[in-house]
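Here is how the chains run, residue by residue.
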Amino acid sequence: MRALIVDDSRAMRRIVGRILVDAGFEILEAGDGQEALDVLAAHDGDLPVLACVDWNMPVMDGLTFITEVRKRAAWRAITLMMVTTESEQDRIVRALAAGAHEYLIKPFTGDALVEKLDLLGLTPTTVGDLV
Amino acid sequence: MSIGHDAFTFVRELVRAESAIVLEPGKEYLVESRLVPLARQSGHASVDAFVADLATRRNPSTLRLVVEALTTNETSWFRDTDPFTTLRQSVFPALAKTRSKREIRVWAAACSSGQEPYSILMTAQDTPELSGWKVDMLATDLSQEMLDRARKGEYSQLEVNRGLPATTLVRHFERAGLAWRISPALTSQVQFRELNLVRPFPPLGKFDVVFLRNVLIYFDLATKRDILRRVRQVMAPDGHLFLGAAEMTMGVDDAWERVPAGRSSVYRIREEQRTCVP
Ligand SMILES: C[S@@+](CC[C@H](N)C(=O)[O-])C[C@H]1O[C@@H](n2cnc3c(N)ncnc32)[C@H](O)[C@@H]1O
């Protein structure tokens, strides 16, 4: 199972990456939305099941990235989670409207991220049940 | 510095008598750390001095604060997920078929800061079979402090990050400064009341669903048995009891039987026990 982490902060990518590795994911990384689109295009045969996406990034922000991903039928199966310091209610509404499946506000604990994975049916145990 | 033997024994017996919570020897550190803030607030240099003073004066409101400080209030939204899936997929639809009054009664019997009763109400709203139904929700706890928080319905960013789907957050909450406030439509549906599970229950009527989750674990066997027996008396004959993931009725009160429902710990009263509830 692969996960893509899209964040311009390398430290943040490392933090999220560590939690996801513990949850059984292989990690792909990108520093902005455009780079993330390129990563997805390069992995067309073996797409990540999850993308954790920061909102504010240079070149292409997270909201635009999510909108772009949702336009492509081939990428429908990717679960999109916004992971950001933006905590206003209307931001959450906009992200969900654009096609994000979940929204996690920074700072968060490892448990909180794992619980979101649980809600999305992406924890090792829940995924195991489906197999 | 660690709490002295006499102080620990006093607190342990007080908490046992007032809440049935069992503090085994070895929990000295827990008692110490939970009581430090109370000792400071009342101007005592140490927990030992605070407890010694309490033991002589026995001020009821301070005694109560000590008991409350020793409760564990850990909770989260849709805790363990599974019970709420079971409610939505089987328990609520079954009730919708069998209740003629378009009303169900639910009791969250150790509701802590309110996440549990509010999660139950949100689940009811997401159950198509219950659309247009009234959910009469009673939520109780021993702790006044928790009940006050639950009534207020305000939760920190960290708390709403725990187990609450984003769609649910934007649907049922509003931003209130740095916190999130649950919608009045939900808070107004819950009646919060103080209730100590180890004391005889006040008249409560009958419930279709009871959540008694992650609280029996703190009690000894005799207390668990007594509470489960008294809960039977306030259950509708076909009512459902939800326990915590680590709790069960087997070997405690065998008048209950487990209902096969996913991984949930869901129980109902055995058929042959339904008519002769003591
Ligand atoms: C760990 S919390 C569980 C909260 C919630 N039921 C859940 O599963 O998330 C335990 C709660 O039980 C309450 N409690 C402890 N002893 C009690 C008693 N004797 N009567 C009523 N409530 C009690 C505590 O105040 C605390 O809020």
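Caption draft 1: Quick look at the packing of helix H5 (residues 82–98) of chain B against helix H6 (residues 115–125) of chain B. All names here are of chain B. In the contact formed by H5 and H6, the axes pass within 10 Å of each other and the chain directions differ by 45°. Considered as vectors, H5 and H6 are oriented oblique to each other. By crossing handedness, the relation of H5 to H6 is classed as right-handed. Across the interface between the two elements, Phe84, Leu87, Arg88 and Phe92 from H5 touch Glu116, Ser119, Ile120, Thr123 and Ala124 from H6. The residue makeup of the contact of H5 with H6, split by class, is 5 nonpolar, 2 polar and 2 charged.

Caption draft 2: Expanded view of the site of the ligand. Residues and elements named next belong to chain B. Lining the immediate environment of the ligand, one finds 22 residues, of which Thr75, Arg79, Ala110, Asp141 and Asn214 sit closest. One nitrogen or oxygen atom from the side chain of threonine 75 is found 2.6 Å from an oxygen atom belonging to the ligand. Its free accessible area being 610 Å², the ligand has 99% of it covered by the protein chains. Tallied by class, residues from the shell around the ligand come to 8 nonpolar, 9 polar and 5 charged. For the shell around the ligand, the two domains that each supply at least three residues are domain 1 (5–71) and domain 2 (82–273).

Caption draft 3: Highlighting helix H1 (residues 10–22) of chain A. All names here are of chain A. Under the 1.5 Å per step criterion, the end-to-end length of H1 is 18 Å for 13 residues, consistent within 8% with the ideal 18 Å. Summarising the contacts, the buried residues of H1 are in contact with strand S1 (2–6), strand S2 (26–30), strand S3 (50–53) and helix H5 (110–119). Two residues or fewer after H1 comes glycine 24, characterised by a positive phi angle close to 100°.

Caption draft 4: Main features of the interface of chain A and chain B. Taken together, the contact pairs 19 residues of chain A with 16 residues of chain B. Linking chain A with chain B are 2 salt bridges, by the criterion used here. Applying the counting criterion to the chain A and chain B interface returns 8 residue pairs in polar contact (both at pLDDT 80 or more). Put simply, the parts of the chain that give the side of chain A that touches chain B at least two residues each are helix H4 (89–98), strand S5 (102–105) and H5 of chain A. Sort the elements by how many residues they give to the side of chain A that touches chain B and H5(A) lands first, with 5 residues. Considered class by class, the residues forming the side of chain A that touches chain B number 10 nonpolar, 3 polar and 6 charged.

Caption draft 5: Region of interest: the pairing of S3(A). Residues and elements named next belong to chain A. Residues of S3 alternate between two faces, with Leu50 and Cys52 on one and Ala51 and Val53 on the opposite face, all of them buried. The sheet contact formed by S1 and S3 spans 4 bridges and is parallel. Within the sheet, the bridge partner assigned to valine 6 lies in S3 and is valine 53. Note: S3 against strand S4 (residues 79–84), 4 bridges, orientation parallel.

Caption draft 6: Here's a closer look at the nonpolar core. Counting residues in each nonpolar core, the largest one holds 70 residues, and the members touching the most others are A:Leu4, A:Phe65 and B:Phe173. A total of 6 residues in this core trace back to one element, the largest contributor, which is H5(B). Apart from residues lying up to four places away in sequence, A:Leu4 is in contact with A:Leu28, A:Glu29, A:Ala30, A:Ala36, A:Val39, A:Leu40, A:Pro48, A:Leu50, A:Ala51, A:Cys52 and A:Phe65. Of all hydrophobic cores here, the second largest spans 50 residues; its members include B:Phe8, B:Ala109, B:Ala110 and B:Leu195.

Caption draft 7: Looking closely at the side chain of A:Gln89. Relative to the helices and strands, A:Gln89 resides in helix H4. Each residue touching A:Gln89, except ones within four places of it in the same chain, is listed here: B:Leu169, B:Val170, B:Phe173, B:Glu174, B:Arg175 and B:Trp180.

Caption draft 8: How the structure looks around helix H2 (residues 28–41) of chain B. All names here are of chain B. With 14 residues, H2 should cover 20 Å at 1.5 Å per step; its first-to-last C-alpha distance of 20 Å lies within 8% of that length. The largest bend along H2 reaches roughly 40° and is located at leucine 35, with the proline proline 37 sitting one to four residues downstream. Of the residues making up H2, those classed as buried are Val31, Glu32, Leu35, Leu38 and Ala39. Glycine 43 occupies a position one or two residues after H2 and carries a positive phi of about 75°.

Thresholds applied
- Residues numbered from 1 in each chain as written.
- Chains lettered and ligands numbered in written order.
- Predicted model: local features only at pLDDT ≥ 70, side-chain atom pairs only at ≥ 80, totals over all residues.
- Heavy atoms only, no water.
- Axes fitted to C-alpha atoms, helices over the stretch in contact; angles between N-to-C directions.
- Helix = DSSP H or I, 4+ residues; strand = E, 2+ residues; numbered from the N terminus.
- Parallel < 35°, antiparallel > 145°, perpendicular 65-115°, else oblique.
- Left-handed = near helix turned anticlockwise from the far one by under 90°.
- Contact = heavy atoms within 4.5 Å.
- Nonpolar A, V, L, I, M, F, W, Y, C, P; charged D, E, K, R; others polar.
- Near = heavy atom within 4 Å.
- Polar contact = N/O pair within 3.5 Å; in protein donor to acceptor, adjacent residues only side chain to side chain.
- Areas by Shrake-Rupley, 256 points an atom, 1.4 Å probe, with all protein chains shown as cover.
- Domains from an automatic or database assignment.
- Expected span 1.5 Å × (residues − 1).
- Salt bridge = Lys/Arg side-chain N within 4 Å of Asp/Glu carboxyl O.
- Buried < 20%, exposed > 50% of the residue type's maximum accessible area, 1.4 Å probe, protein only.
- Pairing = 2+ DSSP bridges.
- Core = buried A, V, L, I, M, F, W, Y, C linked by side-chain atoms within 4.5 Å.
- Bend = angle between axes of the 7 residues up to and from the residue.

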